[in-house]
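Reading the structure
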Amino acid sequence: MHASARPTIRPLPRPGAVPAGDTSPRAGGRRVGARWGAVAVAAGLAVPGFVGPLAASAHEVRTKAGKVLEGKVVSQDGDVVVIETTFDGRKEVPKADVASVDTSSPPLREQLAFRLDAAKDVPALLGVHDWAKARGFKAELLDVWRKVLTVDPAYVRARKALGHVLVDKRWMTPEEKAAADAAAHEAAMKAKGLVLHGGRWVTPEEKDALEKGLVKDGDAWVTEEVFHARRGEKKVDGVWVRVGEAEGKARAAALTKALEAPMVASWGPHVDLIHELGPDEAAAVLEAAEKVAVGFDRLFRPGPEDKLDGLRVEVVVPHKAPTYARFVREFAREQEVEKIRGLETWATSSSKMKSFWWTDPRAVIGAFLFPNTLQVLKSTVAHSMAYVLLNRYRYNFRFSTPWLTEGVAYHLEISGVGPSSAFTIGRAGIPGGGDSTAWQDTTRWPELLRGAVLSGQDTPLPRLALEKADGLSLVDLAKSWSVVDYLVRLDPAKFKAFVDGTKAHRDDPEEGALRAAYGFDFRTLETRWRAAVSEAPAPAPKPAPGGKPAPGGKKGP
């Protein structure tokens, strides 16, 4: 290397030493280096004997590549120069790459500490703040503001810079404010009778349940096993997995081959939907079926003895009728339906209908979309879901009576899913030859039933309870829904007991189960129901075009 190219390496002064050539006087009995005099002059501080401009802003290490590192040189021993940079941590530079090392000016952090110590009033401290900010200091500015507050505790700018807030004419630090808020919140929670558990405020009852390992499911506390079972899950090797999901996918693959149609599996806690629908259509149908299943569980709260434990309902929905007909025939072949006495022609008749449901040994619903609407399909599946669950519940090889089956199905569908479009039985016999279209709007059933009751044009309940499925009219369906809805509202626990009673012994009269649960027979139920329907407030007259009430608008139907 040429001699002129060798870097200039100046030795670091010893700690507390004064650079050579310093002739400045002592200040207050203490020798002060010339470099600190420059710092004081730059800061505008009145320190005797400090004169001259600041030669450099800090220790500097310049590399041959033109890079400048500033901070504090801590070592020049060996083959490297070590510098603690002001903002970028410690750096080690090989001496072969160093062009020069300048330690004639104090490091910026030392300058800041000197300035902060020397400033004794707010104007001087503001000068230190501006100087430090201009040189890139950020977090260190807070130290300046803290010292400002020691000089002037009411200085608002410093308070705000430190994040202090004014509460009831008192400045509070963020920590003090957080502590005060926490104390106020704790007092408010305790005033409500709540207790702290696991970082949350809960009722004492919730605390007891949580300590027992229970989890909240709706309005009930249940074990973890029950919680997951209600969602169609079981624990396998320590992990909760969806029951039937793998089986549903395998079933979809098998039906794809058998029906020569692309069938897809969608999973629900109670339902395996095997379908040929679009994603949104499938989600809507699955949601409707699951809502009925949840409503059934809430009403009947079935246990292992009720023969629904682990039951999954297979719902198969091709897009069009021809594929649906092939599924009916495939299902009949799988279940050997033609060997069942009285069902020899079941496959032929069911393939011509828009849906079917099957209870045992497999619970299955079949339906199709086109040319039906999605609303009709949702309603059909939801309604059939109620059929399957009611008749599989405490299964004793005897179906519930048609009025009760329809009443429960409409109750669960309407309360859980919404207005029904499920009218799967021939409907005739509208009272007085009325318009059947009105009775197909289930939102109008309360007002229409009121009119039928007041005019005596509804089927008496003792006779309705004996009707066969194909003998139920639209009005009978509406009344079946209304009577079941009335009994459930009267006492849901007694309604469960009533249904349980109808399942106890196959040949026992249904009326005996009603009497055992509620303490009255069909005639008394008829009287009470009619009074409830008749006394219900009539709907307001519908306004005529223009927003005015129709002339002579009736209060009833």
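Residues numbered from 1 in each chain as written. Predicted model: local features only at pLDDT ≥ 70, side-chain atom pairs only at ≥ 80, totals over all residues. Heavy atoms only, no water.

**Notes on the overall build of the protein chain**
What the protein chain contains, in helices and strands, is 21 helices and 21 strands. By residue count, 41% of the 557 residues in the protein chain fall in the buried class. Summing over all exposed atoms, the protein chain offers an accessible surface of approximately 29800 Å²; the carbon and sulfur share of this is 55%. (Helix = DSSP H or I, 4+ residues; strand = E, 2+ residues; numbered from the N terminus. Buried < 20%, exposed > 50% of the residue type's maximum accessible area, 1.4 Å probe, protein only. Areas by Shrake-Rupley, 256 points an atom, 1.4 Å probe, with all protein chains shown as cover.)

**Here we look at the packing of aromatic side chains**
Per the stated rule, a full pass over the model turns up 22 aromatic pairs. With 5.6 Å between their ring centres and 50° between their planes, W357 and F399 make a pair best called tilted. Placement of the pair is W357 in strand 20 (residues 355-358) and F399 in the loop between helix 13 (374-392) and helix 14 (402-416), with a sequence separation of 42 residues. On the basis of relative accessibility, which here comes to 26%, the residue W357 falls in the partly exposed class. Owing to a relative accessible area of 48%, F399 belongs among the partly exposed residues under this scheme. Look at F495 and F498: their rings are 6.1 Å apart centre to centre, the planes differ by 65°, and that puts the pair in the edge-to-face class. In this pair, F495 and F498 both sit in helix 19 (residues 492-504), three residues apart, roughly one turn of the helix. Overall, the relative accessible area of 0% leaves F495 in the buried class. An aromatic cluster of at least three residues, connected via ring pairs, comprises Y324, F327, F331, W346, F356, W358 and F368. For R115, the ring lying beneath its charged end belongs to W131, and the centroid distance is 4.0 Å. Taking the ring centre of F370 as reference, the NZ or CZ of K320 above it sits at 5.7 Å. (Phe/Tyr/Trp six-rings, centres within 6.5 Å; stacked < 30°, edge-to-face > 60°. Lys NZ or Arg CZ within 6 Å of the ring centre and 35° of its normal.)

**Overview of the side chain of Q111**
Along the chain, the position of Q111 falls in helix 2 (residues 108-118). Overall, the relative accessible area of 0% leaves Q111 in the buried class. For Q111, the side chain forms a polar contact with the main-chain oxygen of P106, separated by 2.7 Å. (Polar contact = N/O pair within 3.5 Å; in protein donor to acceptor, adjacent residues only side chain to side chain.)

**Considerations on a nonpolar patch on the surface**
A contiguous nonpolar patch, built from V236, V239 and V241 and spanning about 200 Å² of accessible area, is present on the exposed surface. Here V241 lies in strand 16 (residues 239-242). (Patch = residues over 30% accessible without salt bridge, like charges linked within 9 Å, V, L, I, M, F, W, Y side chains within 5 Å. Salt bridge = Lys/Arg side-chain N within 4 Å of Asp/Glu carboxyl O.)

**Topic: the packing of helix 10 (residues 279-300) against helix 14**
Describing two packed helices takes the angle between their axes plus the distance from one axis to the other. Their axes nearest at 9 Å, the elements helix 10 and helix 14 cross at an angle of 115°. Between helix 10 and helix 14, the crossing angle belongs to the class labelled roughly perpendicular. For the element pair helix 10 and helix 14, the recorded crossing hand is right-handed. Taking contact as the criterion, the partners of K291, V292, G295, F296 and L299 in helix 10 are, on helix 14, H411, L412, E413 and G416. The residue inventory of the contact of helix 10 with helix 14, partitioned by class, reads four nonpolar, three polar and two charged. (Axes fitted to C-alpha atoms, helices over the stretch in contact; angles between N-to-C directions. Parallel < 35°, antiparallel > 145°, perpendicular 65-115°, else oblique. Left-handed = near helix turned anticlockwise from the far one by under 90°. Contact = heavy atoms within 4.5 Å. Nonpolar A, V, L, I, M, F, W, Y, C, P; charged D, E, K, R; others polar.)

**Observations regarding the packing of helix 3 (residues 122-134) against helix 4 (residues 141-151)**
Look at helix 3 against helix 4: their axes get within 10 Å of each other, and the N-to-C directions meet at 175°. Between helix 3 and helix 4, the angle falls in the class roughly antiparallel. Residues V122, L125, L126, V128, H129, A132 and K133 of helix 3 form the contact with helix 4, whose participating residues are L141, V144, W145, K147, V148 and V151. Considering only residue class, the contact of helix 3 with helix 4 consists of ten nonpolar, one polar and two charged.

**Quick word on the pattern of salt bridges**
Tallying each qualifying case throughout the model produces 29 salt bridges. E334 is the partner of R362 in a salt bridge, and the nearest nitrogen-oxygen pair spans 3.3 Å. With a gap of 28 residues between them, R362 in the loop between strand 20 and strand 21 (364-367) and E334 in helix 11 (residues 321-335) connect regions that are remote in the sequence. Judged by its relative accessible area of 26%, R362 falls in the partly exposed class. Residue E334 is classed as partly exposed on the basis of its relative accessible area of 27%. We note a salt bridge from K479 to E526, for which the minimum N-O separation is 3.0 Å. Note that K479 is positioned in helix 18 (residues 474-490) and E526 in helix 21 (residues 522-535), a separation of 47 residues in sequence. Comparing K479 with E526 shows no difference in burial state: the two are buried. Members of the salt-bridge network, linked through shared partners, are R251, E314, E334 and R362.

**What about the sheet that holds strand 20?**
Here we have five strands laid out as an open sheet, ordered 17-18-19-21-20, and mixed in their pairing. Two strands close off the open sheet at either side, each with one partner strand: strand 17 (264-267) and strand 20. Taking each pair of neighbouring strands and ignoring which way they run, the sheet shows an average axis angle of 15°. Across five bridges, strand 18 (residues 271-275) lies against strand 19 (residues 313-317) in parallel orientation. Residue H275 lies in a different strand from strand 19, and its bridge partner there is V317. On the sheet, helix 10 packs against strand 17 and strand 18 and is oriented at approximately 150° with respect to strand 18. (Pairing = 2+ DSSP bridges.)

**Let's talk about the nonpolar core**
Core analysis: the largest hydrophobic core is formed by 73 residues, its most contacted members being W439, L487, F495 and F498. Beyond its immediate sequence surroundings of up to four residues, L487 is in contact with F495, F498, L514, Y518, F520 and L525. (Core = buried A, V, L, I, M, F, W, Y, C linked by side-chain atoms within 4.5 Å.)

**Details of the side chain of S350**
Looking at where S350 falls in the secondary structure, it is placed in helix 12 (residues 346-350). Judged by relative accessible area, S350 falls into the buried class, the value being 4%.

**Considerations on the confidence of the model for the protein chain**
Mean pLDDT for the protein chain: 85, with 84% of residues reaching 70 or above. Counting interchain partners and residues more than four positions distant, the pLDDT-below-50 stretch residues 547-557 has 15 contacts. (pLDDT = per-residue confidence, 0-100.)

**Concerning helix 16 (residues 445-454)**
For helix 16, the buried fraction is high: seven of the ten residues fall into the buried class. Here helix 16 has its buried residues at W445, L448, L449, R450, G451, A452 and V453. Two residues or fewer after helix 16 comes G456, characterised by a positive phi angle close to 65°.

**Digging into the environment of K160**
Position of K160 relative to the elements: it lies in helix 5 (residues 156-161). A relative accessible area of 59% places K160 in the exposed class. Sequence-wise, K160 and W171 are eleven residues apart; in three dimensions their C-alpha atoms are separated by 9.7 Å.

**Section: unusual backbone geometry**
The omega torsion of the bond from D360 to P361 falls at 0°, within 30 degrees of zero and hence cis. Unusually for a residue other than glycine, D237 sits at a positive phi of about 55°. Turning to its location among the elements, D237 is positioned in the loop between strand 15 (233-236) and strand 16. Exposure remark for D237: the relative accessible area of 79% places this residue in the exposed category. Positive phi, close to 55°, is recorded for E336, a residue that is not glycine. Within the element layout of this structure, E336 appears in the loop between helix 11 and helix 12. E336 sits in the partly exposed class, given a relative accessible area of 40%.

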